[in-house]
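Geometric and topological summary
Next come the chains, spelled out residue by residue.
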Amino acid sequence: MTGGGGLRLRPVVESDLEMFRRFATEPYLVGLDWSGFKDAQQPARRFAQDGYLGERDGRLIVDVRGQACGLVSYRQGVYSGMAPYWEIGIALLPQWRGMGIGWRAQALLADYLFSHSPAQRIQAGTHSENAAEQKSLVKAGFQLEGVVRACEFRDGAWRDGYLYSRLRDDPEPTITPVPHPPAT
């Protein structure tokens, strides 16, 4: 799945597992999503199970010009026992943030999920203090639905989150190419 300008989503390969282990063991590498140390061997077990391409959840690598810069995730849910939806997320390595990669990757993931499943809805949550992700979701075609009160326990306290959604018939964002980083 490509978004032009060298950005693409691709399946996880074994060499990506080191990045997954880093996300599990390096405090705050994933930013505000850090929730304590995790099992560093779990990524290899999951990869061996299904390559992170499960029927109800999975991960794809965000790749820019051949470099893995993070991952997107998706997980299926169901409202009222009959309305399937996807919940998505993203984690980029710090050196790849602030370049417009996140919104493009999330828009591509939404397009992929709408193309390959009958879901009418894709949703994403973010921290109330994560203004960059809020802007990213809007650029990716998502709309703010509201505040989800006390939905996350982080840094010793219950915290609010914001819920965004994109419906199948919402206007698609225009995905422009990723700009080249400035020459150093």
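Heads up: these notes are all about the structure in this document. (Residues numbered from 1 in each chain as written. Predicted model: local features only at pLDDT ≥ 70, side-chain atom pairs only at ≥ 80, totals over all residues. Heavy atoms only, no water.)

Once that is clear, we can look at the overall build of the chain. From N to C terminus, the chain includes four helices and eight strands. Put simply, the chain runs from its N terminus to its C terminus through helices and strands in the order β-β-α-α-β-β-β-α-β-α-β-β. On C-alpha atoms alone, the chain measures out to a radius of gyration of 16 Å, which is about the 16 Å that the 2.2 N^0.38 rule sets for 184 residues. Once local pairs closer than 6 in sequence are excluded, the contacts in the chain between residues at least 24 apart make up 58%. With the model as given, the accessible surface of the chain reaches about 10000 Å², and the carbon-plus-sulfur share is 53%. Here the chain contributes 21 positive and 21 negative side-chain charges, whose respective centroids are spaced 2 Å apart. (Helix = DSSP H or I, 4+ residues; strand = E, 2+ residues; numbered from the N terminus. Rg over C-alpha atoms; globule rule 2.2 N^0.38 Å. Contact = heavy atoms within 4.5 Å. Areas by Shrake-Rupley, 256 points an atom, 1.4 Å probe, with all protein chains shown as cover. Lys, Arg positive; Asp, Glu negative; His and termini not counted. Charge placed at Lys NZ, Arg CZ, Asp CG, Glu CD.)

Looking now at the pairing of strand 4 (residues 67–79). In this sheet, strand 4 lies alongside strand 3 (residues 57–64) in antiparallel orientation, the contact comprising eight bridges. Within strand 4, the residue paired with Val 62 across the bridge is Gly 70. Between strand 3 and the antiparallel strand that follows it, strand 4, lie two residues; Arg 65 among them carries a positive phi value of about 50°. The antiparallel hairpin formed by strand 4 and strand 5 (residues 83–92) contains three residues in its connecting segment, where Ser 80 sits at a positive phi of about 55°. (Pairing = 2+ DSSP bridges.)

Tracing the backbone through its elements, the reader meets Gly 98 in the loop between strand 5 and helix 3 (101–116). A relative accessible area of 84% places Gly 98 in the exposed class. The sequence separation of Gly 98 and Ala 132 amounts to 34 residues, and the corresponding C-alpha distance is 8.0 Å. (Buried < 20%, exposed > 50% of the residue type's maximum accessible area, 1.4 Å probe, protein only.)

Turning to helix 1 (residues 17–25), a few remarks are in order. Where helix 1 is concerned, the buried positions are Leu 17, Met 19, Phe 20, Phe 23 and Ala 24. With its buried residues spanning 155° around the axis, helix 1 presents them on a single face. Buried residues along helix 1 sit in contact with helix 2 (42–50), strand 3, strand 4 and strand 5. (Arc of directions from axis to C-beta.)

Close contact between helix 1 and helix 2 brings their axes to 9 Å; oriented N to C, the two are set at 135°. Classified by the angle their axes make, helix 1 and helix 2 are oblique. On helix 2, the residues that touch Leu 17, Phe 20 and Arg 21 of helix 1 are Pro 43, Ala 44 and Phe 47. Along the lines of polarity and charge, the residues of the contact of helix 1 with helix 2 split into five nonpolar, no polar and one charged. (Axes fitted to C-alpha atoms, helices over the stretch in contact; angles between N-to-C directions. Parallel < 35°, antiparallel > 145°, perpendicular 65-115°, else oblique. Nonpolar A, V, L, I, M, F, W, Y, C, P; charged D, E, K, R; others polar.)

In terms of nonpolar packing, the biggest core is built from 43 residues, with Val 62 and Ile 101 touching the most fellow members. For this core, the secondary-structure elements that each account for two or more residues are strand 2 (7–10), helix 1, strand 3, strand 4, strand 5, helix 3 and strand 6 (121–127). The biggest single contributor to this core is helix 3, with nine residues. Ignoring any residue separated from it by four or fewer positions in sequence, one finds Ile 101 in contact with Leu 7, Val 62, Val 64, Cys 69, Leu 92, Trp 96 and Val 178. (Core = buried A, V, L, I, M, F, W, Y, C linked by side-chain atoms within 4.5 Å.)

Geometry of a packed helix pair, given as the angle between the helix axes and the separation of the axes. One can describe the packing of helix 3 onto helix 4 (residues 131–139) by two numbers: an axis separation of 8 Å at closest approach and a directional angle of 45°. One way to sum up the angle between helix 3 and helix 4 is to call them oblique. Along this stretch, helix 3 crosses helix 4, giving a crossing that reads as right-handed. Residues Gly 102, Trp 103 and Gln 106 of helix 3 form the contact with helix 4, whose own contacting residues are Glu 133, Ser 136, Leu 137 and Lys 139. For the contact of helix 3 with helix 4, the per-class residue count stands at two nonpolar, three polar and two charged. (Left-handed = near helix turned anticlockwise from the far one by under 90°.)

Most of strand 5 sits inside the fold, with eight of its ten residues counted as buried. Where strand 5 and strand 6 come together, three bridges link them in parallel fashion. In the strand pairing of strand 6, Trp 86 is matched with Ile 122. As for the winding sense of the linkage, the β-α-β connection from strand 5 through helix 3 to strand 6 is right-handed. (Right-handed = clockwise from strand over helix to strand, strands pointing away.)

What is shown is where atoms sit, not what they do.
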